[in-house]
Amino acid sequence: MSHEKYLIIINIPPSLEESMVDCLLTLENAQNFTSFRVSAHDPFNQNFSVDEQVMGRQRKIRFELHVEKNTIGLVLTRLKEGFSGANLEYWIMPIIEQGKI
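Residues numbered from 1 in each chain as written. Predicted model: local features only at pLDDT ≥ 70, side-chain atom pairs only at ≥ 80, totals over all residues. Heavy atoms only, no water.

Enquirer: I'd like to hear about the packing of aromatic side chains, residue by residue, with values.
Expert: Summed over all chains, the structure comprises 1 aromatic pair. Ring centres 5.9 Å apart and planes at 50° place the aromatic pair F33 and F63 in the tilted group. Remark: F63 occurs in strand 3 (residues 58-68) and F33 occurs in strand 2 (residues 33-40); sequence separation between them is 30 residues. Given the relative accessible area of 0%, F63 is considered buried. (Phe/Tyr/Trp six-rings, centres within 6.5 Å; stacked < 30°, edge-to-face > 60°. Helix = DSSP H or I, 4+ residues; strand = E, 2+ residues; numbered from the N terminus. Buried < 20%, exposed > 50% of the residue type's maximum accessible area, 1.4 Å probe, protein only.)

Below, the structure written as structure tokens:
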């Protein structure tokens, strides 16, 4: 099965939320995105503050972008240029089906 649409998921520190919104809004083919607050859990507590280690979770902002296959490289390049070393995590997954009900 060949996929043409993909979901890019990006977790970022809350301090970068506005910068990420600005960045994504400049991408002509990736302006359709969603963001929301999530709690990240890491068994090794990597990059966790002392408070986060006690709570067992780290606050993050998650962005989800629906993009065409040919837009993935542009999005990743822009993220690497604008957020190098910022501790972003991302996943790219094919969209099997989409629609509105």
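Enquirer: I'd like a description of the nonpolar core, backed by residues and values.
Expert: I10, M20, F63, L65, V67 and V75 are the most contacted members of the largest nonpolar core, which totals 22 residues. Elements represented by at least two residues in this core include exactly strand 1 (5-12), helix 1 (17-25), strand 3 and helix 3 (72-83). The element contributing the most residues to this core is helix 3, with 5 residues. Excluding its chain neighbours within four sequence positions, the residues that come into contact with V67 are E4, K5, Y6, I8, N29, A30, I72 and V75. (Core = buried A, V, L, I, M, F, W, Y, C linked by side-chain atoms within 4.5 Å. Contact = heavy atoms within 4.5 Å.)

Enquirer: So what's going on with the pattern of salt bridges? Residues and values would help.
Expert: Opposite charge on two side chains permits pairing when their charged atoms draw close. Tallying each qualifying case throughout the model produces 2 salt bridges. Notably, a salt bridge pairs K5 with E68, separated by 3.5 Å at the nearest N-O pair. Here E68 lies in strand 3 and K5 lies in strand 1, a separation of 63 residues in the sequence. In this structure, the salt-bridge partner of R37 is E17, at a minimum N-O distance of 3.6 Å. (Salt bridge = Lys/Arg side-chain N within 4 Å of Asp/Glu carboxyl O.)

Enquirer: Before we move on, could you go through the side chain of N11 and cite the residues and values that matter?
Expert: With respect to the helices and strands, N11 occurs in strand 1. Among the residues examined, N11 registers a relative accessible area of 4% and is labelled buried. Polar side-chain contacts of N11 include one of 2.9 Å to the side chain of R62. Apart from residues no more than four positions distant in its own chain, N11 is found in contact with V38, K60, I61, R62, N87, L88, E89 and W91. (Polar contact = N/O pair within 3.5 Å; in protein donor to acceptor, adjacent residues only side chain to side chain.)

Enquirer: Give a detailed account of the pairing of strand 1, specifying residues and quantitative values.
Expert: Of all 8 residues in strand 1, 7 are buried, a share of seventy percent or more. Here 6 bridges tie strand 1 to strand 4 (residues 89-94), and the two strands are oriented antiparallel to one another. Considered in strand 4, the bridge of I9 is made with W91. (Pairing = 2+ DSSP bridges.)

Enquirer: I'd like a description of the side chain of E17, backed by residues and values.
Expert: Within the element layout of this structure, E17 appears in helix 1. Ignoring anything within four residues of it in the chain, the contact list for E17 reads I12, S35, R37, I61 and F63.

Enquirer: Describe unusual backbone geometry, listing the residues and the values that go with them.
Expert: One non-glycine residue, N87, lies in positive phi territory at about 65°. As for its position among the elements, N87 is in the loop between helix 3 and strand 4.

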